[in-house]
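If you want the building blocks of each chain, they are given just below.
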Amino acid sequence: MKYLLHTYGCQMNVRDAESVAACLEAAGHLPAINEADADLIIVNTCSVRDKAEDKAVGKLGLLCAGKRTAPQRLVGVMGCMAQRRGAALLKRLPQLDFVLGTRQQRALPVILFRLAAGEHGIVQLDDPGVAPRVPDAHLSGSISAFVTVLLGCNRRCAYCVVPDVRGAEYSRPAKDILEEVHSLAASGTREVTLLGQSVMNYGRSNPVWDSATPSPGGFREDLPRLLEAVSAIPGVRRIRFTSGHPTGCTDEVVRAMREIPHVCPHLHLPVQSGSDRVLGLMRRGYTAAQYLDAVARLRSAMSDFTLTSDVIVGFPTETEDDFEATRRLMEAAAFDNTFIFKYSPRPNTPAAAMKDDVPTAEKMRRNQVLLEDQDLLGQRLNEACVGRTLDVLAEGVSLRNTQRWSGRSPGNKIVIFKHEPPIVAGDLVSVQITSAKPQALYGEVGLQAPDDRGQNKCTTP
Ligand code: SAM
Ligand code: SF4
């Protein structure tokens, strides 16, 4: 069969989509070029906001309607919304062929056999009694790969549906992760991003190492030990991990970021709000001062540290003063980029019991103000890079400008440059930055950056 995947949502979903595609290809199926060409279409969904679910339901409705003219085409749904709504989705969309839960990607080839045998409307959700199976299959040939290290989340922030739809935390055994990274590096991957909703909790819910002996670098905590072991894998040039949590920025994590070769000096550290009152209601487990203290420790350890974040506007009871506190925090933390979300009540979360009392128009206004603040901040921080030479991991032709190539700096900034032979994707190139926009840097290629392990430890934004 030819398959097509439509993916909404976060990096976790992108990773799940890749593992499903790899499973399908291992079973002999091929990617389709478009919907008309596809025998199987899967919508990989997000539940974080109402809008994300509406979008996915709309898309599924269109695909199911398309079965009138292409009745043999299979249409399925996977991801967070599939897990949250389960069989109820079949009531709304009876033409759906299957509903696959968040930890069930590997069941897909069997489901396809069952559909071929005449079944319809198969619902396969997570079974808490069964040990989690972590997606580990990859499509070959990518320079940069996501590697899941932690499933689920135990934090239960008041607004968030993720713990319900992705389940309790489960940390993968370190040896499985290292095997996966070894095989990725052997097939040409140069950058790995270790994924977990609250990745600094790696190893806290279940043991991940066979022994508790400190690592060669003297690390005792599980995430630093993992970073050190990944760094030793030949071929790995860059290591990232996401998403961070301020309470997870321990001295060891900070030291690991500073000392371990190839670990990039960038962190995505969602703050959500700058108001202590709102942070308390959100059950985030830190104050604005504690957040800024974590940032200060990271910055003093790494002169070239870059920081990105998530902010929610319009959480129940958020006042103008709370909102102004968020604006001040964004300035004080100097975010290189911020993803801004308008609060959306999610079923069965503690915040859903509160009145959603910030009017939509006000949420939109606050959202717009923060976008403009972030643009100014991003422009200022990026302009400081003009004239500097950055090590850029070349990724390939820029999607926005096919005359140029794009890559990422150690600080995860997008860098657009003119391709010079013999540069190929996966090379580390030195790019002298000539101009800046809030979301990207532009420059000219200089000499190829050295790949002397440890020596080219990211030193520039
Ligand atoms: N695990 C990460 C963390 O600790 O923040 C991110 C999880 S979530 C997939 C990504 C972002 O969605 C969150 O950081 C938050 O800003 C936003 N988000 C989650 N629930 C939301 C809600 N109910 N309404 C609006 N935004 C939400
Ligand atoms: Fe959701 Fe909070 Fe867990 Fe992030 S840490 S996934 S925001 S509950």
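In the block above lies the structure referred to throughout.
Rules and cut-offs
Residues numbered from 1 in each chain as written. Chains lettered and ligands numbered in written order. Predicted model: local features only at pLDDT ≥ 70, side-chain atom pairs only at ≥ 80, totals over all residues. Heavy atoms only, no water. Pairing = 2+ DSSP bridges. Helix = DSSP H or I, 4+ residues; strand = E, 2+ residues; numbered from the N terminus. Contact = heavy atoms within 4.5 Å. Axes fitted to C-alpha atoms, helices over the stretch in contact; angles between N-to-C directions. Patch = residues over 30% accessible without salt bridge, like charges linked within 9 Å, V, L, I, M, F, W, Y side chains within 5 Å. Areas by Shrake-Rupley, 256 points an atom, 1.4 Å probe, with all protein chains shown as cover. Salt bridge = Lys/Arg side-chain N within 4 Å of Asp/Glu carboxyl O. Lys, Arg positive; Asp, Glu negative; His and termini not counted. Charge placed at Lys NZ, Arg CZ, Asp CG, Glu CD. Parallel < 35°, antiparallel > 145°, perpendicular 65-115°, else oblique. Left-handed = near helix turned anticlockwise from the far one by under 90°. Nonpolar A, V, L, I, M, F, W, Y, C, P; charged D, E, K, R; others polar. Phe/Tyr/Trp six-rings, centres within 6.5 Å; stacked < 30°, edge-to-face > 60°. Buried < 20%, exposed > 50% of the residue type's maximum accessible area, 1.4 Å probe, protein only. Lys NZ or Arg CZ within 6 Å of the ring centre and 35° of its normal.

## Focus: the sheet that holds strand 1 (residues 2-7)
One open sheet holds the 6 strands; their spatial order is 2-1-3-4-5-6, and the pairing between them is parallel. The sheet is open, and its two edges are formed by strand 2 (30-31) and strand 6 (122-124), each paired on a single side. Examined bridge by bridge, strand 1 and strand 3 (residues 40-45) share 5 bridges and lie parallel to one another. Bridged to Thr 7 within strand 3 is Asn 44. Strand contacts of helix 2 (residues 50-65): strand 1, strand 3 and strand 4 (74-79), with the helix running at about 170° to strand 3, the strand carrying the most contacts.

## Thoughts on a positive patch on the surface
On the surface, a cluster of positive charge is made up of Arg 49, Lys 51, Lys 55 and Lys 342. In this fold, Lys 342 is placed in strand 14 (residues 337-342).

## Structural notes on unusual backbone geometry
Each neighbour pair has its own omega, and for Thr 242 with Ser 243 the value is -5°, a cis peptide bond. Here Ser 243 is to be found in the loop between strand 11 (238-242) and helix 9 (251-259). With an omega dihedral of 5°, the bond running from Pro 421 to Pro 422 counts as a cis peptide bond. With respect to the secondary-structure elements, Pro 422 resides in the loop between strand 17 (414-417) and strand 18 (428-437). Phi at Arg 156 is positive, roughly 60°, even though this residue is not glycine. In this structure, Arg 156 sits in the loop between strand 8 (150-151) and helix 6 (162-166). In this structure, His 262 takes a positive phi of about 80° despite not being glycine. Assignment of secondary structure puts His 262 in the loop between helix 9 and strand 12 (266-268).

## Considering the sheet that holds strand 11
Strand order in the open sheet made by the 3 strands is 7-10-11, with parallel pairing throughout. Taken across any chain shown, the strands that pair with only one partner, and hence form the sheet edges, are strand 7 (144-148) and strand 11. Between one strand and the next, the sheet's axes are offset by a mean angle of 25°, whatever the strand orientation. In this sheet, strand 11 lies alongside strand 10 (residues 191-195) in parallel orientation, the contact comprising 5 bridges.

## Remarks on the packing of helix 7 (residues 174-186) against helix 8 (residues 222-231)
Close contact between helix 7 and helix 8 brings their axes to 10 Å; oriented N to C, the two are set at 30°. Taken together, the axis directions place helix 7 and helix 8 in an arrangement best described as roughly parallel. Seen along the crossing, helix 7 lies across helix 8 with a hand that is right-handed. In contact with Ala 174, Ile 177, Leu 178 and Val 181 of helix 7, helix 8 contributes Leu 226, Ala 229 and Val 230. In the contact of helix 7 with helix 8, the residues fall into 7 nonpolar, no polar and no charged.

## Examining the packing of aromatic side chains
In this structure the tally under the stated criterion is 4 aromatic pairs. Ring geometry for Tyr 159 against Phe 315: centres 6.4 Å apart, planes inclined by 85°, an arrangement best described as edge-to-face. With Tyr 159 in the loop between strand 8 and helix 6 and Phe 315 in the loop between strand 13 (306-313) and helix 12 (320-333), this residue pair connects regions lying 156 residues apart in the sequence. The residues Tyr 159 and Phe 315 share a single accessibility class, namely buried. Relative to Tyr 291, the ring of Tyr 286 lies with its centre 6.1 Å away and its plane at 40°, an arrangement referred to as tilted. For the residue pair Tyr 286 and Tyr 291, the accessibility class agrees, reading buried in each case. Site record: aromatic cluster; members linked through ring pairs are Tyr 159, Phe 315 and Tyr 343. One Lys or Arg, Arg 225, reaches over the ring of Trp 209 and ends 4.5 Å from the middle of that ring.

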